[in-house]
Amino acid sequence: RESERERGRQRASERERQKHREHAAGENRSFGRRRSPPRAAAAETAETAETAESAETATAPATAAMAEPSVDDGGTRSVSEEEAAAALDPAELQRVQAEEPMRQYLRDKYEQDARRHWDIFYKRNKTNFFKDRHWIGSEFPADLDPAAPARRQPDGTPKPLTLLEAGCGVGNTIFPLLENDPALFAFACDFSPRAVDFVKGNPMYDPARCHAFACDLCKDDLATLMPPERSVDVVTLFFVLSAMAPDTMPAALGNLKKVLRPGGVVLLRDYGLYDHAMLRFKPGHKISENFYVRQDGTRAYYFSKDFTEQLFAAAGFKVDQLEFLSKQTVNRKEGICVPRNFVQGRFVLLPD
């Protein structure tokens, strides 16, 4: 009986080892078999990346439902990219720069499935992910603060303003702006039809002051979706371009030009080079230079100032303001201080 029990334990152990081998093999199967990309416990989710933009949360594991609590150590600083790189561990910087990108068929697959991944993202997380951006008016007061002198009329009331939020998500920008500015009319579009449905289902959604619609900025003609043509004063691009492949960004800016009046502005805030989330991606997540895929299939590009300036200049915009910003965020749970880097700019559309 003792020998039979021993043989039973050996068989159970062998079954466990076999299950482990099968699991490991499954993790390495190609994306073509509809397997998930390699698991990266430290790679950011779309939610973690954006909530950290206001330093109210920090980067968390890709499998986490919400980001870990964090605190800001004292505000955002304007720095050079060289300073941001110098703050990194040399071995970490070398690893990021030396990593090879994924194969072309995988890049193509993520591009083809981009809308599906964002729709699944909003199906899973609904309106619970991103915090409302009440800070936007203070970052761009000349354009978005109705109390700013540039926005006041002679009688003291705010000037009427037509705004397009490109990549509106579930409305975390437009609703705070509409609440704060009675003279604002907002167009809002997003890649994900599900996100647009959440905007329209918000109790603050008023068709007399806001029009939301689904749109692929790289393919759909905005001029046919937003009459009248070239009536928009301000376009906001907050953590939107980073979700696109770099070679599709010029098409998106060209599309925005169709509805933006000459002299109108684009306001940008997006992920910066050497951001902590970029450094935490594991091997197998790099699509191309500075462009990565998260575990949930959504993508993130990390901008340099030079790339951003060249991108907008080539599209016919004057660079009025462009900064590389760094914010030190403390993860209370892990007891570490990490850099969150952003590019922020204001670009004026030049006359044709």
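Definitions and cut-offs
Residues numbered from 1 in each chain as written. Predicted model: local features only at pLDDT ≥ 70, side-chain atom pairs only at ≥ 80, totals over all residues. Heavy atoms only, no water. Helix = DSSP H or I, 4+ residues; strand = E, 2+ residues; numbered from the N terminus. Buried < 20%, exposed > 50% of the residue type's maximum accessible area, 1.4 Å probe, protein only. Contact = heavy atoms within 4.5 Å. Areas by Shrake-Rupley, 256 points an atom, 1.4 Å probe, with all protein chains shown as cover. 1 Å grid on protein atoms, 1.4 Å probe; cavity = no way out; pocket = protein on both sides within 12 Å on 5 of 7 lines; lining within 4 Å. Points joined across faces, edges and corners; volume = space filled by probe spheres on them. Nonpolar A, V, L, I, M, F, W, Y, C, P; charged D, E, K, R; others polar. Patch = residues over 30% accessible without salt bridge, like charges linked within 9 Å, V, L, I, M, F, W, Y side chains within 5 Å. Salt bridge = Lys/Arg side-chain N within 4 Å of Asp/Glu carboxyl O. Lys, Arg positive; Asp, Glu negative; His and termini not counted. Charge placed at Lys NZ, Arg CZ, Asp CG, Glu CD. Polar contact = N/O pair within 3.5 Å; in protein donor to acceptor, adjacent residues only side chain to side chain. Pairing = 2+ DSSP bridges. Axes fitted to C-alpha atoms, helices over the stretch in contact; angles between N-to-C directions. Phe/Tyr/Trp six-rings, centres within 6.5 Å; stacked < 30°, edge-to-face > 60°. Lys NZ or Arg CZ within 6 Å of the ring centre and 35° of its normal.

Asks: Looking at this structure, how should I read the overall build of the chain?
Replies: Check the secondary structure of the chain and you find 13 helices and twelve strands. Across the 352 residues of the chain, 51% fall into the buried class. Contacts in the chain between residues at least 24 apart in sequence constitute 71% of all its contacts with a sequence separation of at least 6. Of the roughly 16,700 Å² that the chain leaves accessible, carbon and sulfur atoms contribute 51%.

Asks: What should I look at first to understand the layout of surface pockets in this one?
Replies: Over the atoms, a rolling probe the size of a water molecule traces out where space has been left empty. By volume, the largest pocket amounts to about 600 Å³. Residue lining of the largest pocket: 34 residues in total, with W118, F191, V240, A243 and M244 positioned closest to the centre. Secondary structure elements with two or more residues in the lining of the largest pocket: α2 (46-51), α5 (104-112), α6 (114-125) and β4 (184-190). Ranked by residues supplied to the lining of the largest pocket, first place goes to α6 with four residues. Partitioned by chemical class, the residues of the lining of the largest pocket number 18 nonpolar, six polar and ten charged.

Asks: Hey, could you run me through unusual backbone geometry in this one?
Replies: Residues other than glycine predominantly adopt negative phi, and peptide bonds predominantly adopt the trans conformation. Look at F239: it is not a glycine, yet its phi comes out positive at around 55 degrees. Within the secondary structure layout, F239 lies in the loop between β6 (232-238) and α11 (249-257). The exposure class of F239 is buried, given its relative accessible area of 9%.

Asks: What exactly am I supposed to notice about a negative patch on the surface here?
Replies: Taken together, E82, E83, D306 and E309 make up a surface patch of like negative charges. Taken together, the elements giving at least two residues each to the negative patch come down to α3 (81-86) and α13 (305-314). You can see E82 is positioned in helix α3.

Asks: Looking at this model, I keep getting lost on the side chain of S192. Mind explaining?
Replies: When you line up the elements, S192 lands in the loop between β4 and α10 (193-201). Engagement of the side chain of S192 in a polar contact is seen with the side chain of D119, the distance being 2.5 Å. Those residues in contact with S192, other than ones at most four positions away along the chain, are W118, D119 and Y122.

Asks: Explanation requested: the sheet that holds strand β9 (residues 291-293) in the structure shown.
Replies: Sheets are built from strands paired through backbone hydrogen bonds, the pairs being either parallel or antiparallel. What the three strands build is an open sheet, ordered β8-β9-β10; its pairing is antiparallel. Both outer strands of the open sheet, β8 (286-288) and β10 (299-301), are each paired with one neighbouring strand and no more. Ignoring which end each strand starts from, the neighbouring axes of this sheet average 30 degrees apart. Both β9 and β10 contribute to a ladder of three bridges, which runs antiparallel. Paired with V293 across the two strands is R299, which belongs to β10.

Asks: Hey, could you run me through the packing of aromatic side chains in this one?
Replies: Centre distance and the angle of the planes are the two values used to describe a pair of aromatic rings. Scanning the model with the defined rule gives 16 aromatic pairs in all. Relative to F121, the ring of W118 has its centre 5.2 Å away and its plane inclined at 75 degrees; by these criteria the two rings are edge-to-face. In this pair, W118 and F121 are both assigned in helix α6, three residues apart and thus about one turn of the helix distant. Each member of the pair, W118 together with F121, is buried. Where F239 meets Y271, the ring centres are 4.8 Å apart and the plane angle is 55 degrees; that geometry is what we call tilted. Of the two residues, F239 is situated in the loop between β6 and α11 and Y271 in strand β7 (residues 260-271); the sequence distance between them amounts to 32 residues. Accessibility expressed as a relative area gives 3% for Y271, which makes it buried. Ring-pair connections join several aromatic residues into one group, and the members of that group are F239, Y271, F281, Y292, Y302 and F342. Sitting over the face of the ring of F342, R269 holds its NZ or CZ atom 4.5 Å from the ring centroid.

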